[in-house]
Amino acid sequence: MKKRLCRLLPPLLLAALPAAALAETTVDSTTILRVQQEAQSPAIGTGNKTLTPITEYLGVDADKLGDGNLSLHMLGWGQLEFADRDAVPGSADRSIDGKLTYGYLQYRLANANAQARAGRVFITEGIVNEQIDGVSARTDLPYGFGVSTFGGATVHTVKIGETNTDGKGDGIFGGRVNYRYRGLLEVGLSGVYESAAPTPLVAPGGTPPLNGSFGNHRLVGGDLFVRPLDLVQISGHTSFNTETEQVAEHSYLLQLTLRKDLVVTGNYDFHHDRDLFYSSPLFSSANLLKSLTQQSKVYGGGATYTINKNLDLSGDFKQYKRDIGEAQRFGGDLRGNYLDNALRAGLSYHYLRASANFAVVPVAGASGSFHEGRVWAMHDTKTYVASVDFIDYVFKEPVEDKRYAWEGQASVGYHLTPEVTVSGDISYGQNPQYRDETKGLVRLTYNAKGGAK
Amino acid sequence: MIRSRKFLTLLALAGLSFAVAACAQYKALPSMPASHPEELASGPVSCAECHEDQQKGTMKPFASFNHSPAFIKNHRFYAGSDQAVCATCHKWSFCSDCHTNQAAMKPSDKNGDRPDRMMPHRGDFVTLHKIEGKLDPASCYRCHGRANNERCVACHR
């Protein structure tokens, strides 16, 4: 089934391309040539390496095909590496690589937000976030109800270490039903069911990896939106792992719009490692997380005050509570925009106060605490675009003998025509990994819209 | 036996009536437009600036979608239930700048000319993730749990 779908998809999309030429078509192309030189920190090693990959992102959107309700959407990338790389088998460090991010035909009905999609699509419905090769459909129904469904083959990714699998079954289906009452309330029930997860490889005489911590990807959950007053809004979701029969995650947000210029938020996130990470061989492996019996709670809050139409001031706080310790993060952002949004700038500072167990190397006397500061500005006109960005982390205790990690970046671009922009970025930084890291990038962007009106 | 037959007939009739009424109403249910009829300024927008009191049917208030810093940080709650609203202004490629299955480069490198956009992993995240990952692994899992993990595999084998 999976192979058939994979074989069917490219001809279907190719067959649609001539029709796309006659439709309202948008082509978005970004070509990026990167040059990156890295000199490793003496604490890590002494190697230097140069990377020079060229990457092409190509997106096509052809609207108003057929009777006007049909459209085609594609996005993918291809990459060619010119210089020698320290290739890691199974990783993206290959000389030639490429992926189809999405590619699908969509049919929209004039009523009820009804639509059907076929091809490689992303599914975001309630607690479900998946990429599939298959079909999806959704519609609003009378009396405030709505329904969506999807099914097809999973899109596989890289194999995780010794398990020799990406952990995904081959087939997947699911959906969501929801009920809305005016604009005040929405409740949704959603679920995803993936066919049996592959069995991780076991070395001869070895113990089964991921024993008891990895299995099928099957979740159900509910989502909620309540806005009883213009002042108060609550949204969030809870997911339940039907394989482990435990709650995987709660995630809720309270938003209070106290005044037009003052928004206050509070959030609560809870998860249990084993139940949330159960279908990921990467996260289920013992070498990534110390113990899958841990649970995590994050409480937080924030406020944004719009000083005037050009300036927003935000402050935020988060309390992290895990079995291995507690941490707090607090800070603020100032963002501005001027000249009809052509000039934008921002300034932010945050401090993470974290105990030794959160440190890079969690030993006695270590610390996971650090300061983070960032300042940036950009000017985007009809002729050119220019930006600067500086970010700095200052560690309370040195990491690999370095007390800081900083990076400065500048970018300049010129709009050759309204459709074509050429731009270049250059950045330099020092951090615990690299005593010097210089990166350069040339970007050619082409965005064109054409075809029948 | 006769009573149960009558009951089933009545139930079928009621179901049919409900279905006919629902079908009649279905055509009256509005759709969001495929694209925003007017070109919008670049940068975060405030929907309620123009759409105040234009909410129809079961649609959520436009003010809920104002692109405030709180909205941008928590957009995942909206993406799961209001895709039709998002799609009016955003192509999928906008989401795929960060949310993808296998990425060619860091989103903040690809969009290095857009420091105004919220992008994950700016600066030296190779070092930072050793702290952030212990602190809140769920925030990593959302993107890297079952996708975008080819870089993770280089070390976490």
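Read on for an overview of the structure. All values reported here derive from a predicted model rather than from experimental measurement. (Residues numbered from 1 in each chain as written. Chains lettered and ligands numbered in written order. Predicted model: local features only at pLDDT ≥ 70, side-chain atom pairs only at ≥ 80, totals over all residues. Heavy atoms only, no water.)

## Points about the overall build of chain B
Check the secondary structure of chain B and you find ten helices and zero strands. The linear arrangement of helices and strands in chain B, starting from the amino end, is α-α-α-α-α-α-α-α-α-α. Against the compact-globule benchmark of 15 Å for 157 residues, chain B has a radius of gyration of 24 Å, which places it well outside the compact range. Its C-alpha atoms give chain B principal-axis dimensions of roughly 75 × 45 × 25 Å. Buried positions account for 41% of the 157 residues belonging to chain B. Taking the contacts inside chain B whose residues are at least 6 apart along the sequence as the reference set, 39% of them involve residues at least 24 apart. Surface accessibility of chain B: about 8,600 Å² in total, with carbon and sulfur atoms responsible for 65%. (Helix = DSSP H or I, 4+ residues; strand = E, 2+ residues; numbered from the N terminus. Rg over C-alpha atoms; globule rule 2.2 N^0.38 Å. Buried < 20%, exposed > 50% of the residue type's maximum accessible area, 1.4 Å probe, protein only. Contact = heavy atoms within 4.5 Å. Areas by Shrake-Rupley, 256 points an atom, 1.4 Å probe, with all protein chains shown as cover.)

## Digging into the interface of chain A and chain B
The partner chain B presents 83 residues to the 127 residues of chain A that form the contact. For the pair chain A and chain B, the summed buried surface comes to about 8,800 Å²; carbon and sulfur atoms form 54% of the total. Seen at the junction of chain A and chain B, the total is 14 salt bridges. A salt bridge links Arg122 of chain B to Asp389 of chain A; the shortest N-O distance between them is 3.7 Å. Between chain A and chain B we count 43 residue pairs in polar contact (both at pLDDT 80 or more) in total. Here the side of chain A that touches chain B gets seven residues from one element, more than from any other, and that element is strand β20 (residues 384–399) of chain A. Considering only residue class, the side of chain A that touches chain B consists of 51 nonpolar, 42 polar and 34 charged. (Buried area = accessible area lost by both parts, 1.4 Å probe. Salt bridge = Lys/Arg side-chain N within 4 Å of Asp/Glu carboxyl O. Polar contact = N/O pair within 3.5 Å; in protein donor to acceptor, adjacent residues only side chain to side chain. Nonpolar A, V, L, I, M, F, W, Y, C, P; charged D, E, K, R; others polar.)

## Details of empty space enclosed by the protein
Inspection of every chain in the model, using the stated rule, returns three cavities of 30 Å³ or more. The calculated volume of the largest cavity comes to roughly 130 Å³. Asp389, Glu407 and Gln409 of chain A together with Arg122 and Gly123 of chain B are the residues nearest the centre of the largest cavity, which is lined by 14 residues in total. Looking at the lining of the largest cavity, the elements with two or more residues in it are β20 and β21 (402–415) of chain A together with α7 (107–110) of chain B. It is β20 of chain A that contributes the most residues to the lining of the largest cavity, three residues altogether. (1 Å grid on protein atoms, 1.4 Å probe; cavity = no way out; pocket = protein on both sides within 12 Å on 5 of 7 lines; lining within 4 Å. Points joined across faces, edges and corners; volume = space filled by probe spheres on them.)

## Observations concerning unusual backbone geometry
The bulk of non-glycine residues show a negative phi, and the bulk of peptide bonds are trans. Backbone geometry places Glu245 of chain A, a non-glycine residue, at a positive phi of 55 degrees. Counting through the fold element by element, Glu245 of chain A comes out in the loop between β12 (232–241) and β13 (246–259). Given the relative accessible area of 58%, Glu245 of chain A is considered exposed. Backbone geometry places Asn148 of chain B, a non-glycine residue, at a positive phi of 50 degrees. As for its position among the elements, Asn148 of chain B is in the loop between α9 (137–144) and α10 (150–153). Under the relative-accessibility criterion, Asn148 of chain B is labelled buried at 9%.

## Focus: the pattern of salt bridges
Applying the stated criterion to the full structure yields 31 salt bridges over all chains. Residues Glu186 of chain A and Arg180 of chain A are paired through a salt bridge, measuring 3.2 Å at the closest nitrogen-oxygen approach. A relative accessible area of 13% means that Arg180 of chain A is categorised as buried. Across the pair Asp82 of chain B and Arg180 of chain A runs a salt bridge, and its minimum N-O distance is 2.6 Å. Taken together, the residues Asp82 of chain B in the loop between α4 (76–79) and α5 (83–89) and Arg180 of chain A in strand β9 (residues 171–181) connect one chain to another. In this structure, a network of salt bridges that share partners links the residues Arg176, Arg180, Glu186 and Asp223 of chain A together with Lys60 and Asp82 of chain B.

## Quick notes on the packing of aromatic side chains
A complete count under the given rule lists 15 aromatic pairs over all chains for this structure. Between the aromatic rings of Phe71 of chain B and Tyr78 of chain B, the centroid separation amounts to 4.5 Å while the plane-to-plane angle is 40 degrees, which identifies the pairing as tilted. Feature note: the residues Phe277 and Phe283 of chain A together with Tyr141 of chain B constitute an aromatic cluster, connected by ring pairs. The lysine or arginine in question, Arg117 of chain A, covers the ring of Tyr104 of chain A, its NZ or CZ lying 5.3 Å from the ring centre. Over the aromatic face of Tyr57 of chain A sits the side chain of Lys110 of chain B, whose NZ or CZ is 4.0 Å from the ring centroid. (Phe/Tyr/Trp six-rings, centres within 6.5 Å; stacked < 30°, edge-to-face > 60°. Lys NZ or Arg CZ within 6 Å of the ring centre and 35° of its normal.)

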